[in-house]
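Structural description and commentary
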Amino acid sequence: MPLEFLKRKGTPEPTGAAPPAPSTSVTLPEEVVAQEYSLKLYYAGKSSEGVRMRTGPNALAELPSMLGGLARSEIEVVEPLAIELSGASPVISRPSEAMQWLNAHHVHSPITRHGLVVLESIDAIDLAFDTFACALLDGEVDTSGYPEYNAVVGGVASHWDESTGDMICRAVVGWGGKGVRGDTDRIGAKLLAGILTNILANQYALGLTAVDRPVPAAGRGGLVCAHCGFASAHERAFYCPKCGMRLLRG
């Protein structure tokens, strides 16, 4: 006789499937709370008119003396870049150009590197043809030796006039970083006037000139100076960016 009456009533037989989980509702916030991040860099600078200088064997050696009474650090002279470093740029988003820039300037002091970053970033100098005498002119440096954001760096930038071969000097100052101070612009203008006065007082100075800075031509077929061995940054140059001697063409 079957024993069906011994089974409990209402007990379902197992099917092997898990029971569905109870549904839960998620309440979205009315406003999303976000953490915001930003970085503001402020670079500024000033450049004076050019001063035409008589050429001579000691013309470039006069550049540091034009910062006499104004420099608050050691004066460093940065020469134009060789053609193999013509793509150097202080922009970290361009790794190959940034590496060239580091290779070219790692020997300089933190003050000079800071000055080059500021002035090259705002296109106040171009080391394709400029020779730059640089120093700290106002303000303080941090514990690593780098100028504070409100410190003024700068000096004398010179290049050779392609039409006459004369040296053209300009006073250049710059400042900036993670911050802005209102009176830095006034201090920079005062220092710029002081450097320009020193340039005009130099024994080789001939007076102010409106000659524009040269623009390198396209191409990488630069000539090699027979006098100092420096490779020109552009193929249409008539005078060596480094020593100022006329380039010999074959």
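Look up a bit, the structure's there.
Residues numbered from 1 in each chain as written. Predicted model: local features only at pLDDT ≥ 70, side-chain atom pairs only at ≥ 80, totals over all residues. Heavy atoms only, no water.

**Considering unusual backbone geometry**
Of note, the phi angle at Asp123 is positive, near 65°, even though the residue is not glycine. As for its placement among the helices and strands, Asp123 is situated in the loop between helix H2 (110-121) and strand E4 (131-138). (Helix = DSSP H or I, 4+ residues; strand = E, 2+ residues; numbered from the N terminus.)

**Comments concerning helix H3 (residues 184-200)**
A rise of 1.5 Å per residue sets the reference length of H3, with its 17 residues, at 24 Å; its end C-alpha atoms lie 24 Å apart and thus fit the reference within 8%. What H3 keeps buried is the set Thr184, Ile187, Gly188, Leu191, Leu192, Gly194, Ile195, Leu196 and Ile199. Those residues of H3 that are buried lie in contact with strand E1 (42-47), strand E2 (50-53), E4, strand E5 (152-160), strand E6 (167-177) and strand E7 (205-209). (Expected span 1.5 Å × (residues − 1). Buried < 20%, exposed > 50% of the residue type's maximum accessible area, 1.4 Å probe, protein only. Contact = heavy atoms within 4.5 Å.)

**Points about the nonpolar core**
It is characteristic of soluble globular proteins that their nonpolar side chains tend to be buried jointly. Judged by nonpolar contacts, the single largest core of 27 residues is most densely connected at Met53, Val156, Cys169, Val173, Ile195 and Ile199. Of all elements in the fold, only E2, E4, E5, E6 and H3 reach the threshold of two or more residues within this core. No other element matches H3, which puts six residues into this core. Contact partners of Ile199, with chain neighbours within four places excluded, come to Val51, Met53, Met66, Val156, Cys169, Arg170, Ala171 and Ala205. Ranked by size, the runner-up nonpolar core spans 14 residues in total, among them Leu81, Ala124, Phe132 and Ala157. (Core = buried A, V, L, I, M, F, W, Y, C linked by side-chain atoms within 4.5 Å.)

**Quick word on the pairing of E2**
Across the two faces of E2 the burial is the same, with Gly50 and Arg52 and Val51 and Met53 all buried. Where E2 meets E6, three bridges bridge the pair, whose relative direction is antiparallel. Considered in E6, the bridge of Val51 is made with Cys169. (Pairing = 2+ DSSP bridges.)

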